[in-house]
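Examining the three-dimensional arrangement
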Amino acid sequence: MIEPSPFPPTAPPPRPVAPGLYLVATPIGNLRDMTLRALDVLAAADLVLAEDTRVTGKLLSAYGLKAKLERCDDHASERAAQVAIERIGSGEVVALVSDAGTPLVSDPGFVVARAVIAAGLPVHPIPGPSSLLAALCIAGLPADHVLFAGFLPAKSGARRTALEALKGPHTLVLFESGPRLADSLADMAAVLGPRPAAVARELTKLYEECVRGTLDTLAVDPRCQGPKGEIVVVIGPGTAEVASEADAEAALVEAMTRLPPGEAAAEVSRALDLPRKPLYRRALALQGRG
């Protein structure tokens, strides 16, 4: 077997890095996933804002890079935003990184990016690793209509309430911790039903794993009982619920207390995804004109 070359032999040369804020994606486990452009930006950065400076320090060291690091976690994001605005305004390059993956996805860096945008200063994405997209790719589930909902509440009652709001004909992507995974999957099954799903763990790392099945079977699967590592749950789309005649009539009666028949029919049509003409005829009948 021929070993691959460490770098592409015809890689394009790096471009100059202009002043601005750069949102740099970093590996989610495998250090070889670092992009050449990300290395160019980090090498040119006058300041690197990091969720955890110790984690980012190890990353920079692995590539022989040195940069001034400042903390940008939930407690320091407001201050980091002001620092970024001042430094970029002075013509410097500021890079923002999370501990792993793409910044701003369940990440405090959002505060910095929003402030820099509001100040009218340039912001550039440096795309790369993302556990959300990696899990979606290997789940084997539809990826054309996707809703990312981050972490669910820790307590079962609040979690079930949140899941009720996520029902619909779309694929769901969620983050979860190992200790809560089994209970969370049980709540997902109770609220969403036996949808097809996948639990992806330790993506890009040595012990990468993707367990596929229905939510109810995954909830009792031994591999989903308190596993270690970073976890992404991908849930297949649900079936769109069709409103009953009783539901449609009740909605129509309520709408007609506020609107004329035509507008009431249009409102109910949009809300319940039902054809407008039959609703309009029923609205006229209810008014005594049909």
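To be clear, the structure that these remarks concern was listed above.
Residues numbered from 1 in each chain as written. Predicted model: local features only at pLDDT ≥ 70, side-chain atom pairs only at ≥ 80, totals over all residues. Heavy atoms only, no water.

Turning to the overall build of the protein, a few remarks are in order. Looking only at helices and strands, the protein features 11 helices and 10 strands. When the backbone C-alpha atoms are referred to their principal axes, the protein occupies close to 80 × 50 × 40 Å. Counting only residues that meet the buried cut, the protein has 41% of its 290 residues in that class. Within the protein, contacts between residues at least 6 apart in sequence are counted, and of these 69% link residues at least 24 apart. When the accessible area of the protein is evaluated, it comes to approximately 15900 Å², of which 56% is carbon and sulfur surface. (Helix = DSSP H or I, 4+ residues; strand = E, 2+ residues; numbered from the N terminus. Buried < 20%, exposed > 50% of the residue type's maximum accessible area, 1.4 Å probe, protein only. Contact = heavy atoms within 4.5 Å. Areas by Shrake-Rupley, 256 points an atom, 1.4 Å probe, with all protein chains shown as cover.)

This next bit is on helix H5 (residues 131-139). Residues Leu132, Ala135, Leu136 and Ala139 constitute the buried set of H5. Viewed along the axis of H5, the buried residues span an arc of 100°, placing them on a single side of the element. In the segment just after H5, glycine 140 is the residue with positive phi, at about 75°. (Arc of directions from axis to C-beta.)

Turning our eyes to something else, we now look at the side chain of aspartate 107. For aspartate 107, the location among the structural elements is in the loop between strand S4 (93-97) and helix H4 (110-118). A polar contact of 3.2 Å, which involves the side chain of aspartate 107, links it to the backbone nitrogen of leucine 104. In this view, aspartate 107 contacts Glu51 and Ser98; residues no more than four positions away in its chain are not counted. (Polar contact = N/O pair within 3.5 Å; in protein donor to acceptor, adjacent residues only side chain to side chain.)

Now for the sheet that holds strand S1 (residues 20-24). Each strand in a sheet pairs with its neighbour through backbone hydrogen bonds, running either in the same direction (parallel) or in the opposite one (antiparallel). Taken in spatial order, the five strands make up an open sheet running S3-S2-S4-S1-S5, and their pairing is parallel. Where the open sheet ends on each side, the last strands, each with one partner, are strand S3 (69-71) and strand S5 (123-126). Direction aside, neighbouring strands of the sheet carry axes that sit 25° apart on average. The sheet contact formed by S1 and S4 spans four bridges and is parallel. If you follow leucine 21 over to S4, its bridge partner there is valine 94. The sheet contacts of helix H2 (residues 53-62) involve strand S2 (47-50), S3 and S4, and relative to S3 the element is tilted by about 155°. (Pairing = 2+ DSSP bridges. Axes fitted to C-alpha atoms, helices over the stretch in contact; angles between N-to-C directions.)

Before going further, it helps to examine the packing of helix H3 (residues 77-89) against H4. Relative to each other, H3 and H4 sit at 40°, their axes nearing to 8 Å. In this view, H3 runs oblique relative to H4, as classed from their interaxial angle. The hand of the H3/H4 crossing is right-handed. Together, Ser77, Glu78, Ala80, Ala81, Ala84, Ile85 and Ile88 of H3 and Val111, Val112, Ala115 and Val116 of H4 make up the contact between the two elements. Its residues placed into classes, the contact of H3 with H4 shows nine nonpolar, one polar and one charged. (Parallel < 35°, antiparallel > 145°, perpendicular 65-115°, else oblique. Left-handed = near helix turned anticlockwise from the far one by under 90°. Nonpolar A, V, L, I, M, F, W, Y, C, P; charged D, E, K, R; others polar.)

Relative orientation of the contacting elements helix H9 (residues 245-256) and helix H10 (residues 261-272) amounts to 135°, with a least axis distance of 9 Å. For the element pair H9 / H10, the angle class is oblique. Regarding H9 and H10, the two cross each other, and that crossing is right-handed. From H9, Asp247, Ala248, Ala251, Leu252, Ala255 and Met256 reach across to H10, where they touch Pro261, Ala264, Ala265, Glu267, Val268 and Leu272. When its residues are assigned to classes, the contact of H9 with H10 shows 10 nonpolar, no polar and two charged.

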